[in-house]
Amino acid sequence: MKRFIILLGLIIIISGCGRNRGKGSDITIAVEFTAHSACAHIAKHKGWYKEEGLNVISYESYVTGMALASALTRGDIDAAYICLVPAINARANAKVPIKVVAGIHKYGYGFVINPDKIKKASDLLKEDIHIGCTREGSPTDALYQQMIEKLDLNKEKLLKKTYRMNPPMQLFALKTGKIDAGFICEQYPSMAEESGFKIFLNAKDIWPEMQGSVLVVREELIGEYPEIVRKLVKVTKKATEFINRHPEEASGILRDELQVTGKKIFPVKAIDVVSKIQISDSSLLKSLTQKMVNTTDIDRDEIQKTIDACEELGYIKKRFEADDFIDLRFNRR
């Protein structure tokens, strides 16, 4: 765990101090290449950023929130649609000057099992059972460790037989029999269900009211260009409302936006695995309507709870106040 904290701290780059902005409406956006960032993908597809006068000069996609958190240290990303836990890590460990200005969704993670090999929790301890999860510091690792405690399982034994891999790799490993269970972010659990796997526990079962992902912006953007932040939140809310009102259409748009062909995804080495996975409208519809609650609302106490959990798990060295991490004036109704 110490190695993780040191690594994230070392990736601070001098360019993180800021960048020269061209036109006042120029903005760079980074997203997760998953259903978690559905509102951003839909807003881009619909042209709503442009309609609002925002000139998106860069729109980068990352296979995990952890990869996106590392990219935030560069300093040339103005705003990011990112899982809350990696955002907290970036703020605490790499001192990235970001603030949460809106929510994106609650929940959005599931522990997937091979039902032929796992019938009950104790089966996870069997010698021939292999488990996948993203690395320490990720939301799925946090949920995985909380699940282990909730089920009163041998934590040391389970963690020793846990393979650290990104979400698409976990799905691929499940399908090829290399792992028998995995904690994955949506849309992958819903895709796994379509292939005959079973959701053993969802995020909601383990962490009620869990804040899944958030919209973060650099503090300098808030200070120097508050109107850009206001417009960004406005577009995010519009796209989120669209998802809830038109889930079928939203699922189709999201499928198109998550097609790998011709897209640059970071880290680049993940493209090969992602390109082998076919995403269906039905799996995305399930993600958006059953596995996540799409809302821009933020609960300050829930943010604090997550910060405290990050400290308890050793992701960050010291807790900090949620009030110093959120700025919700742009998200008022």
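A brief report on the enclosed structure follows. (Residues numbered from 1 in each chain as written. Predicted model: local features only at pLDDT ≥ 70, side-chain atom pairs only at ≥ 80, totals over all residues. Heavy atoms only, no water.)

Further remarks concern the nonpolar core. Core analysis: the largest hydrophobic core is formed by 84 residues, its most contacted members being Tyr49, Tyr81, Phe111, Leu124, Tyr144, Phe183 and Leu232. A per-element tally of this core places helix H12 (residues 226-245) first, with 8 residues. Within the second largest apolar cluster, 34 residues are counted, among which are Leu68, Ile88, Val214 and Phe325. (Core = buried A, V, L, I, M, F, W, Y, C linked by side-chain atoms within 4.5 Å. Buried < 20%, exposed > 50% of the residue type's maximum accessible area, 1.4 Å probe, protein only. Helix = DSSP H or I, 4+ residues; strand = E, 2+ residues; numbered from the N terminus.)

Among the 8 residues in strand S10 (residues 211-218), 8 count as buried, and that is most of the element. Across 5 bridges, the pairing between strand S3 (residues 79-83) and S10 is antiparallel. When the sheet's bridge partners are listed, Ala80 is paired in S10 with Val216. (Pairing = 2+ DSSP bridges.)

Here the focus is the packing of aromatic side chains. Two aromatic rings are characterised by how far apart their centres lie and by the angle between their planes. Tallied over the entire structure, the rule returns 6 aromatic pairs. On the basis of an interplanar angle of 80° and a centroid distance of 5.7 Å, the ring pair of Trp48 and Phe242 is categorised as edge-to-face. Here Phe242 lies in helix H12 and Trp48 lies in helix H3 (residues 48-51), a separation of 194 residues in the sequence. We classify Trp48 as buried; its relative accessible area is 10%. Assessed through its relative accessible area of 10%, Phe242 is described here as buried. The structure contains a cluster of three or more aromatic residues connected by ring pairs, namely Phe111, Tyr144, Phe183 and Phe200. (Phe/Tyr/Trp six-rings, centres within 6.5 Å; stacked < 30°, edge-to-face > 60°.)

Quick look at the sheet that holds strand S2 (residues 55-62) now. Strand pairing within a sheet occurs via backbone hydrogen bonds; the two strands may be parallel or antiparallel. Strand order in the open sheet made by the 7 strands is S11-S2-S1-S3-S10-S4-S12, with mixed pairing throughout. Lying at the two open borders of the sheet, with one neighbouring strand each, are strand S11 (265-266) and strand S12 (292-294). Sitting on the sheet, helix H5 (residues 84-93) is in contact with S3, strand S4 (98-107) and S10, with an inclination near 120° to S3. (Contact = heavy atoms within 4.5 Å. Axes fitted to C-alpha atoms, helices over the stretch in contact; angles between N-to-C directions.)

Attention now moves to the sheet that holds strand S8 (residues 181-185). Spatially, the 5 strands line up as an open sheet ordered S7-S6-S8-S5-S9, and their pairing is mixed. Lying at the two open borders of the sheet, with one neighbouring strand each, are strand S7 (162-164) and strand S9 (198-202). On average, adjacent strands in this sheet sit at an angle of 30° to one another, irrespective of strand direction. Bridge count for strand S5 (residues 109-113) against S9 is 4 bridges, and the pairing is antiparallel. Across the sheet, Val112 pairs through a bridge with Ile199, a residue of S9. Those strands touched by helix H6 (residues 139-150) are S5, strand S6 (131-133), S7, S8 and S9, and its axis lies near 135° from that of S8. Its contacts with the sheet put helix H8 (residues 167-175) on S5, S6 and S8, and the angle it makes with S8 is roughly 145°.

The next thing to look at is the packing of helix H4 (residues 65-72) against H5. H5 packs onto H4 with a crossing angle of 30° between their chain directions and a minimal axis gap of 9 Å. Classified by the angle between their axes, H4 and H5 sit roughly parallel to one another. By crossing handedness, the relation of H4 to H5 is classed as right-handed. Between H4 and H5, the residues in contact are Gly65, Met66 and Ala69 and Pro86, Asn89 and Ala90, respectively. (Parallel < 35°, antiparallel > 145°, perpendicular 65-115°, else oblique. Left-handed = near helix turned anticlockwise from the far one by under 90°.)

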